[in-house]
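An overview of the molecular structure
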Amino acid sequence: MVKKSPTELTVEEKLQALYQLQVTLSAIDEKRALRGELPLEVQDLADELEGLKTRVEKIEGDINEFQSAVTAKKGEIAKAQAGIERYKEQLNDVKNNREYDTLTKEIEFQSLEVELCNKKIKDAIIRIDEKKKELEQTKEIIADRTEALAEKRGELDEIMQETRDDEEKLKARARELEAKIEPRLLASFKRIRKSARNGLGITVEQRDACGGCNNKIPPQRQIDIKMHKKIIVCEYCGRIMIDSELAGIKKDVEEKPKKRATRKKKTDDAE
């Protein structure tokens, strides 16, 4: 039997192929729904951990900078104190008031430098303590998130293991069906499916209404759907429509028997 190309298929065959593809893709969606929000939760936790690790590096860098600043200021203090001692010794050899005043001002200046350096050292030590506390808290959060990530990954791996084989079979089936559908029609179907809230690109006409949005289908349009002469889309939601018989679905609504109208008997009070 010669295999038909997608463009040679009748409208009826195209609709059947599209509906089978929809059923297959919906089954894949169900498998993915079993995983729920877990993949996103795992990704969010992994991203958060990366951010926390970057924060740790930044905090450690800040601590190193403050510690370097403390070391530098201690060096400046030592230098200033040495200068003070030198100037004090020179005071013993001054020859006039001008030299004395100059040396005294240098001693005063160096003393202020020591005081300023000590203040900066004190501020840096306070900042180091704050950063160390922040670092400890961040590491505790990292430990907590790492444990949560391991737990979530374990749950996801377990579900993935359960659904992976079935999902791969469904994906292979979807690829086979897509190969039977002409590219333009397939692209339209995928576009409709992507924009549809429930992922339905083709829907079954039921109870004279669209199975996607439940809007009533005009009588003439119902006839067109049943004729299978052209692709019909819902004028409200834009989904492709297929009648239940072609989709292989039994009508789920049976006409209720009409109640027989009964006339109330008149009773004569008077004979």
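A few words on the overall build of the chain. Looking only at helices and strands, one finds six helices and three strands in the chain. Helices and strands appear in the chain in the N-to-C order α-α-α-α-β-β-α-β-α. Taken over C-alpha atoms, the radius of gyration comes to 41 Å for the chain, far larger than the 18 Å a tight globule of 271 residues would show. Projected onto its principal axes, the C-alpha positions of the chain cover 150 × 80 × 40 Å. Across the 271 residues of the chain, 30% fall into the buried class. About 19,900 Å² of surface is accessible on the chain, with carbon and sulfur atoms providing 50% of the total. If the 57 positive side-chain charges of the chain are averaged to one point and the 57 negative ones to another, these points end up 8 Å apart.

Let's shift gears to the pattern of salt bridges. Scanning the model with the defined rule gives 17 salt bridges in all. Among the ionic pairs, Glu167 bridges to Lys171, the shortest N-O distance being 3.5 Å. With a gap of four residues between them, Glu167 and Lys171 both fall in helix H3 (residues 97–180), about one helical turn apart. Among the residues examined, Lys171 registers a relative accessible area of 25% and is labelled partly exposed. Across the pair Lys171 and Glu168 runs a salt bridge, and its minimum N-O distance is 4.0 Å.

Before going further, it helps to spend a moment on the sheet that holds strand E2 (residues 209–210). Read across the sheet, three strands follow the order E2-E1-E3 without closing on themselves; strand pairing throughout is mixed. What marks the edges here is a single partner per strand, and that holds for E2 and strand E3 (240–243). Contacting strand E1 (202–206) and E3, helix H1 (residues 11–35) crosses the sheet at an angle of about 105 degrees to E3. Packed on one face of the sheet, helix H5 (residues 219–227) meets E1 and E3 and runs near 75 degrees to E3.

This next bit is on the packing of H1 against H3. Direction vectors running N to C along H1 and H3 enclose 165 degrees, while the axes themselves pass 9 Å from each other. By the angle between their directions, the pair H1 and H3 is classed as roughly antiparallel. Between H1 and H3 lies a crossing whose hand is left-handed. Here Ala17, Gln20, Leu21, Thr24, Leu25, Ala27, Ile28, Lys31, Arg32, Leu34 and Arg35 of H1 come into contact with H3, specifically with Leu156, Ile159, Met160, Thr163, Asp166, Glu167, Leu170, Lys171, Arg173, Ala174, Leu177 and Glu178. Grouping the amino acids of the contact of H1 with H3 by side-chain chemistry returns twelve nonpolar, three polar and eight charged.

Membership of the largest hydrophobic core comes to 26 residues, with the highest contact counts inside it found for Ile63, Val70, Ile77, Val114, Leu135, Ile142 and Leu149. Contributions of two or more residues to this core are made by helix H2 (38–91) and H3. With 14 residues, the top contributor of residues to this core is H2. Counting residues in each nonpolar core, the second largest holds 22 residues, with Leu15, Leu170, Leu185 and Leu186 among its members.

It is the contact of H2 with H3, at a shortest axis distance of 6 Å, that shows an interaxial angle of 165 degrees. When the interaxial angle is binned, H2 and H3 end up roughly antiparallel. As H2 runs across H3, the sense of the crossing is left-handed. In the contact of H2 with H3, the residues fall into 33 nonpolar, nine polar and 22 charged.

Right, let's get into the side chain of Gln110. Mapped onto the secondary structure, Gln110 falls in helix H3. Each residue touching Gln110, except ones within four places of it in the same chain, is listed here: Ala80, Ile84 and Tyr87.

For the rest of this paragraph, the subject is the pairing of E1. Counting buried positions over the five residues of E1 gives four, a clear majority of the element. Pairing of E1 with E3, which is carried by four bridges, proceeds in the parallel orientation. Considered in E3, the bridge of Glu205 is made with Asp243. Pairing of E1 with E2 involves two bridges; the strand directions are antiparallel. The residue bridging Glu205 from the neighbouring strand is Cys210, located in E2. Linking E1 to E2, which pair antiparallel, is a turn of two residues; within it Arg207 sits at a positive phi near 55 degrees.

What counts and how
Residues numbered from 1 in each chain as written. Predicted model: local features only at pLDDT ≥ 70, side-chain atom pairs only at ≥ 80, totals over all residues. Heavy atoms only, no water. Helix = DSSP H or I, 4+ residues; strand = E, 2+ residues; numbered from the N terminus. Rg over C-alpha atoms; globule rule 2.2 N^0.38 Å. Buried < 20%, exposed > 50% of the residue type's maximum accessible area, 1.4 Å probe, protein only. Areas by Shrake-Rupley, 256 points an atom, 1.4 Å probe, with all protein chains shown as cover. Lys, Arg positive; Asp, Glu negative; His and termini not counted. Charge placed at Lys NZ, Arg CZ, Asp CG, Glu CD. Salt bridge = Lys/Arg side-chain N within 4 Å of Asp/Glu carboxyl O. Pairing = 2+ DSSP bridges. Contact = heavy atoms within 4.5 Å. Axes fitted to C-alpha atoms, helices over the stretch in contact; angles between N-to-C directions. Parallel < 35°, antiparallel > 145°, perpendicular 65-115°, else oblique. Left-handed = near helix turned anticlockwise from the far one by under 90°. Nonpolar A, V, L, I, M, F, W, Y, C, P; charged D, E, K, R; others polar. Core = buried A, V, L, I, M, F, W, Y, C linked by side-chain atoms within 4.5 Å.

Fair warning: the whole summary comes from geometry, so function is off the table for now.
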